[in-house]
Amino acid sequence: MDNYRIDFSDFEISYVYQRFCDNLWEQFYQFAENMRNYCKEMSYKPLNDFVNEILWSFSREFKEFVEKIIKDWKDSEYSLTRLVNKIGGGKDAEHYAANYMERIENSILSVFSKEIPTIYESVSEPIVQMEKILILNEEIDILLKKIEDMKTQVEQECERREKENQIYGLIKPLFSDIAQGLYDWMKLNMESVIEGADELEKRLQDFVLTANEKNSVSQYIETTQWNF
């Protein structure tokens, strides 16, 4: 950081991080709605449970992960208060920088205060086909590409502006880490879909070999706990 120019009055900074937060929410919400449609089509309880687990984890476990990223950022060399202190900005400037970081934090965490309704789709007539289950990964892959685009966009915007205002360079790692964390987390969910589909196929094959009662397979499908 050769240039320590800091301008808190640059209102476009808020556009950068607010656009990131809005985009993160919109993309995940669209993913959740697409999953809701698949659950409605397939009427398969383990699938409902799996998607609900993703929604629950996003608003709780992933939120906790983001909170840790924010804390680490505030304690790091990229902290606005640390830079203000480094250049001798004084107590008033440090206080303003701390409030500025709090506004950024509140904008990020507001994403997790929005509600995505739990899925309660009918499971009376389940449709279980491996290709239909695995199509979920196509939706996850679409979301992954959008996350990559979000990450690239915020990084490039910050890199383009940081020479004129160091704040852009300081917030860049924060949003880059959040995007990367969401990407990695969704990749794990994708792997769970593959593992779950493979496990289901094996269990169905084993069950069919010993099934004697009519409708026993469909009953089994309805009650199976898919271990994601």
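About the cut-offs
Residues numbered from 1 in each chain as written. Predicted model: local features only at pLDDT ≥ 70, side-chain atom pairs only at ≥ 80, totals over all residues. Heavy atoms only, no water. Helix = DSSP H or I, 4+ residues; strand = E, 2+ residues; numbered from the N terminus. Contact = heavy atoms within 4.5 Å. Areas by Shrake-Rupley, 256 points an atom, 1.4 Å probe, with all protein chains shown as cover. pLDDT = per-residue confidence, 0-100. Axes fitted to C-alpha atoms, helices over the stretch in contact; angles between N-to-C directions. Parallel < 35°, antiparallel > 145°, perpendicular 65-115°, else oblique. Left-handed = near helix turned anticlockwise from the far one by under 90°. Nonpolar A, V, L, I, M, F, W, Y, C, P; charged D, E, K, R; others polar. 1 Å grid on protein atoms, 1.4 Å probe; cavity = no way out; pocket = protein on both sides within 12 Å on 5 of 7 lines; lining within 4 Å. Points joined across faces, edges and corners; volume = space filled by probe spheres on them. Buried < 20%, exposed > 50% of the residue type's maximum accessible area, 1.4 Å probe, protein only.

A. Molecular detail of the overall build of the protein. Each helix and strand counted, the protein has 8 helices and 0 strands in total. Secondary structure elements of the protein occur, N-terminal to C-terminal, as α-α-α-α-α-α-α-α. Summarising the internal contacts of the protein: among those between residues at least 6 apart in sequence, 83% fall at separations of at least 24. Surface accessibility of the protein: about 12,600 Å² in total, with carbon and sulfur atoms responsible for 46%.

B. Spatial organisation of the confidence of the model for the protein. Mean pLDDT for the protein: 82, with 79% of residues reaching 70 or above. Mean pLDDT values over the elements of the protein span from 43, in helix α8 (residues 216-223), up to 94, in helix α6 (residues 136-161). For the stretch residues 203-228, pLDDT sits under 50, and the model shows 37 contacts to residues farther than four places along the chain or on other chains.

C. Summary view of the packing of helix α1 (residues 12-42) against helix α4 (residues 91-109). Viewed as axis vectors pointing N to C, α1 and α4 meet at an angle of 25°, and their least axial separation amounts to 9 Å. In terms of orientation, α1 lies roughly parallel with respect to α4. In terms of crossing hand, the pair formed by α1 and α4 is right-handed. Within the contact between the two elements, α1 uses I13, Y17, Q18 and C21 and α4 uses Y100, R103, I104, S107 and I108. Residue classes in the contact of α1 with α4 are distributed as 6 nonpolar, 2 polar and 1 charged.

D. Main features of empty space enclosed by the protein. Considering all chains together, one arrives at 2 cavities of 30 Å³ or more under this definition. V16, R19, F20, N23, M150, Q153 and V154 are the residues that line the largest cavity. At the level of elements, α1 and α6 are the ones that each hand at least two residues to the lining of the largest cavity. Of all the elements, α1 adds the most residues to the lining of the largest cavity, at 4 residues. The residue makeup of the lining of the largest cavity, split by class, is 4 nonpolar, 2 polar and 1 charged. As for the second largest cavity, its lining consists of F20, C21, L24, I108, V111, F112 and I178. When residues in the lining of the second largest cavity are grouped by element, the largest group, 3 residues, is from α1. The class makeup of the residues in the lining of the second largest cavity is 7 nonpolar, no polar and no charged.

E. Structural context of the side chain of S107. Its place among the elements puts S107 in helix α4. Residue class for S107 comes out buried when judged on its relative accessible area of 12%. Residues within four places of S107 in sequence aside, it is in contact with Y17, Q18 and C21.

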